[in-house]
Structures are given as C-alpha cells and as structure tokens.
Amino acid sequence: MRVVVRAEATEDLHWRIALEAGGRRAELPPVMQFVGLAPFSGISVGRDAGNPVDWSIRERRGEFPFTGRLVGVRYEPGDPAPYNETVLVDVLAEQARLYD
C-alpha cells in the first residue's frame, strides 16, 4: 500500500499535515514548527537509533525498528514556506534571549 505524508508550512510557523493511504485521507490540526531545530542525525526510515523522538522511552524499552516490508521511500521538497524570513530572525533572536 502506498502511504503519503504531506507537510505544508503555513504563514504562522505551523505545519499542516495530511496522511493519505488506501484511498483515504486524514489531517491533523495545525502543528507548531520546531524553529531552529533539524534532524541532526539525518532522516531515517525504519530505524532511528541516533535521534529517537522520546529518549526516556528508548532508554526503557529500546528501539522499535520497522519489521515489515519496505519497497521504497521518496522525499519530495514542496514549495518554499509562505512566511517572511524576517519572522524567523525574530523567533531565533527571542530563543537566544530566553535560552542563552
């Protein structure tokens, strides 16, 4: 079965995320972006030992590698985000003020 995840950046620094599979579509409510964060260990498929979503669960239960059959994965970049880049500069400056 083909599964498609679409993530679209919105003007207010949120993601609009939709999942399509088996002819059906589901959407999440808008999700805040983690501004200034990136997947430091790369983008993983099937197993992510270097950058788990929740370290405490990983420490207690170990990894949860995918055990099914994976035919392929394709990442396609979408359109550039619609927000003004100066918004990101302001957000990053506020983060530095709060956390440095």
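Use the structure listed above.
Residues numbered from 1 in each chain as written. Predicted model: local features only at pLDDT ≥ 70, side-chain atom pairs only at ≥ 80, totals over all residues. Heavy atoms only, no water.

J.: Can you break down a nonpolar patch on the surface residue by residue, with the values?
T.: A contiguous nonpolar surface patch, about 610 Å² in accessible area, is contributed by Ile43, Val45, Phe66, Leu70, Val73 and Tyr75. With respect to the helices and strands, the residue Leu70 is situated in the loop between α1 (55-61) and α2 (85-99). Overall, Leu70 belongs to the partly exposed group, its relative accessible area being 48%. (Patch = residues over 30% accessible without salt bridge, like charges linked within 9 Å, V, L, I, M, F, W, Y side chains within 5 Å. Areas by Shrake-Rupley, 256 points an atom, 1.4 Å probe, with all protein chains shown as cover. Salt bridge = Lys/Arg side-chain N within 4 Å of Asp/Glu carboxyl O. Helix = DSSP H or I, 4+ residues; strand = E, 2+ residues; numbered from the N terminus. Buried < 20%, exposed > 50% of the residue type's maximum accessible area, 1.4 Å probe, protein only.)

J.: I'd like a description of the environment of Arg2, backed by residues and values.
T.: Tracing the backbone shows Arg2 in the segment before β1 (3-9). Residues Arg2 and Gly78, spaced 76 residues apart in sequence, show a C-alpha to C-alpha distance of 19 Å.

J.: How would you sum up the environment of Ala81? Please name residues and give values.
T.: Along the chain, Ala81 falls in the loop between α1 and α2. When the C-alpha atoms of Ala81 and Leu13 are compared, they prove to be 8.8 Å apart, with 68 residues separating the residues in sequence.

J.: If you had to explain unusual backbone geometry to someone new, which residues and values would you point to?
T.: Even without a glycine there, the phi angle at Leu13 is positive, about 60 degrees. In this structure, Leu13 sits in the loop between β1 and β2 (14-21). By relative accessible area, which is 12% here, Leu13 ends up buried.

J.: Before we move on, could you go through the pattern of salt bridges and cite the residues and values that matter?
T.: Side chains that differ in charge, positive against negative, can pair when their charged atoms come close. The tally for this structure, following the rule as stated, stands at seven salt bridges. Measuring nitrogen to oxygen at the nearest pair gives 3.0 Å for the salt bridge that ties Glu20 to Arg6. With Glu20 in strand β2 and Arg6 in strand β1, the pair connects residues that are 14 residues apart, well separated along the chain. With a relative accessible area of 45%, Arg6 lands in the partly exposed category. The partner of Glu63 in a salt bridge is Arg58, and the shortest N-O contact between them spans 3.5 Å. For Glu63, a relative accessible area of 29% gives the class partly exposed. A relative accessible area of 24% places Arg58 in the partly exposed class.

J.: Let's hear about the side chain of Gln33: which residues, and what values?
T.: Note that Gln33 resides in the loop between β4 (31-32) and α1. For Gln33, a relative accessible area of 11% corresponds to the buried category. Of note is the side chain of Gln33, whose polar atom sits 3.1 Å from the backbone oxygen of His14. (Polar contact = N/O pair within 3.5 Å; in protein donor to acceptor, adjacent residues only side chain to side chain.)

J.: So what's going on with the pairing of β1? Which residues, and what values?
T.: Alignment of β1 against β2, held across seven bridges, turns out to be antiparallel. In the strand pairing of β2, Val4 is matched with Glu20. Hairpin connection, β1 to β2: the antiparallel pair is bridged by four residues, and Leu13 has positive phi, about 60 degrees. (Pairing = 2+ DSSP bridges.)

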